[in-house]
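# Descriptive analysis of the structure
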Amino acid sequence: MLLAHLLNRIVTEGRLKVILPDGRQRTFGPGVPPKVTLRINDWRTVRRLGVRPDLELGEAWMDQRIQLEEGTLRDLLAIACRALRELEQTRWHQVQRRLLRPLRYLAQFNPLGRARRNVAHHYDLSDELFDLFLDEDRQYSCAYFQNGDESLETAQQKKKRHIAAKLCLEPGQEVLDIGSGWGGMGLSLARYAPVNVTGVTLSTEQLRVARARAQEAGLDDRVAFELQDYRERQGPYDRIVSVGMFEHVGVTHYREFFGHLRRLLKPDGIALIHAIGRMSPPARTNPWIAKYIFPGGYCPALSEVLRAVEKSRLWVTDVEILRLHYAETLRAWHDRFVANRERIKALYDERFCRMWEYYLLASEAAFRHLDHMVFQIQLSRDRRAVPLTRDYISEAEDRLAALDGEDRQGLKAVKRTG
């Protein structure tokens, strides 16, 4: 009865038919597509879905305690995300959010030791896993679909060019890459301009691959990767870039992050932060994502980020919001994951595959149907550090596109080391 009462109230789009463990069926929603039929195998799952749907739906999918008899998991999550918008307006959810809000600060407390453990949980998985669904440069962040019909490889290359253009690179500059991953961004920046790049990561697996790639590309004299937290760097740097790392900083550390960023930057330096955020007020991380995928992770509201920037006395010289770009990126990752599912299952097991399918599709749904987006914030200590208008960005992208065309073979050589 609790689950039926909840679904009657929150399923306002699509059609969700639920088959209960005793065979009874209930239908919810106005009846328009998407149409999903969901079988629930046991009463414990029914009860838990009524109490904690945001956690239990993912766990029940992983454990095969629910099955789809009509529609796809993408369809189910589209209905679920729209229903979540309604759930957030219920009195019980608002009370629960107020009660749980203080706990988010504890969950995102992120000292060095905990930061390393959180990173290892997700990024120290098998190299082969990431090769089976990412692009050839292993860019594990939002791509840039400038036209909307690009391949994943092209869109990721355009993302790197877009970021490089905003950094206004000059020969001989010192660049810090915070959260350098498998090295793709740092190596690209070194190809675009004769700069010296230092990348820092907390993942031992990413470090190993990044160092090998730098050596294979013949760039290890200008690109170095370290197993280190950004708080351990001293600087100063002409340019700082961070792609897909800020989500792991933790809201309790934002002032510390931007304060340290300011200390690391030279007086005329430029920083570019690329991260997932939300267009709505501050909230909390989905409990399933926090438990199984990104412990300690959080996608902030812009108000939380800019408040910390203001206190650091940095200039915000540019802000860009990428809305559906990550939805398209995640769709491409999911399609590649499914195409290589049997190979991934051989690396792990069926439960892992179901967990990652749920993660990729739930994330896509968050960008299509909820409040998620990606922001790029350009920062400087000096208001005069960047040109007065944004024309320089597209002009620089055109120049870098020519370099990408000349260096395609170099990119393939780097890929082989992964």
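In every chain, residue numbers begin from 1 and rise along the written sequence. This being a predicted model, a pLDDT of at least 70 is required before a residue's local features are given, and a value of 80 or more before pairs of side-chain atoms are given or counted; all residues contribute to the totals for chains, interfaces and linings. The basis for the side-chain values is all heavy atoms of the structure; hydrogens and waters are excluded.

### Side note on the confidence of the model for the protein
Looking at the protein, the pLDDT average stands at 90 and 88% of residues meet or exceed 70. Note on residues 409-418: pLDDT under 50 across the span, and 20 contacts to partners over four residues away in sequence or across chains. Per-residue confidence from the prediction method is given by pLDDT, with values spanning 0 to 100. Two residues form a contact once any of their heavy atoms are found within 4.5 Å.

### Brief notes about the nonpolar core
Remark: nonpolar core denotes a set of buried residues (Ala, Val, Leu, Ile, Met, Phe, Trp, Tyr, Cys) joined through side-chain atoms within 4.5 Å. Throughout, exposure labels follow a simple rule: accessible area from a 1.4 Å probe, protein chains only, divided by the maximum for the residue type, with under 20% read as buried, over 50% as exposed, and the rest as partly exposed. By size, the foremost hydrophobic cluster in this structure holds 70 residues, and its most contacted members are Tyr-140, Trp-288 and Trp-356. Put simply, DSSP H or I for four residues or longer makes a helix, DSSP E for two residues or longer makes a strand, and each gets a number counted from the N terminus. Per-element tally for this core: the top contributor is helix H16 (residues 350-369), with 11 residues. Counting 28 residues, the second-largest nonpolar core is a separate cluster that includes Tyr-237, Phe-257, Ala-271 and Val-305.

### Comments concerning the pattern of salt bridges
A pair is scored as a salt bridge if a Lys or Arg side-chain nitrogen falls within 4 Å of a carboxyl oxygen belonging to Asp or Glu. Summed over all chains, the structure comprises 39 salt bridges. In this structure, Glu-150 and Lys-158 form a salt bridge, with 2.9 Å as the shortest nitrogen-oxygen distance. Each member of the pair, Glu-150 together with Lys-158, is buried. Glu-320 is the salt-bridge partner of Lys-166, the closest N and O atoms lying 2.6 Å from each other. One end of the pair, Lys-166, is in helix H8 (residues 152-167); the other, Glu-320, is in strand E10 (residues 315-322), with 154 residues separating them in the sequence. For the pair Lys-166 and Glu-320, one class covers both residues: buried. By sharing partners, the salt bridges in this structure join Arg-48, Glu-56, Glu-59, Asp-63, Arg-65, Lys-291 and Arg-351 into a single network.

### Looking at helix H3 (residues 53-62)
Of all 10 residues in H3, 9 are buried, a share of seventy percent or more. Regarding H3, the residues found buried are Asp-54, Leu-55, Glu-56, Leu-57, Gly-58, Glu-59, Ala-60, Trp-61 and Met-62. Buried residues in H3 make contact with helix H2 (43-51), strand E4 (66-70), helix H4 (73-87), helix H12 (287-292) and H16. In the stretch just after H3, Gln-64 is the one whose phi turns positive, near 60°.

### Concerning the pairing of strand E1 (residues 15-19)
Counting buried positions along E1 gives 4 out of 5 residues, so the element sits mostly inside the fold. Pairing of E1 with strand E2 (residues 25-28) involves 4 bridges; the strand directions are antiparallel. Bridge pairing in E2 links Val-18 to Arg-26. Being paired, for any two strands, means DSSP has found at least two bridges between them. Here E1 folds back onto E2, and the loop between the two strands holds 5 residues, one of which, Gly-23, carries a positive phi near 95°.

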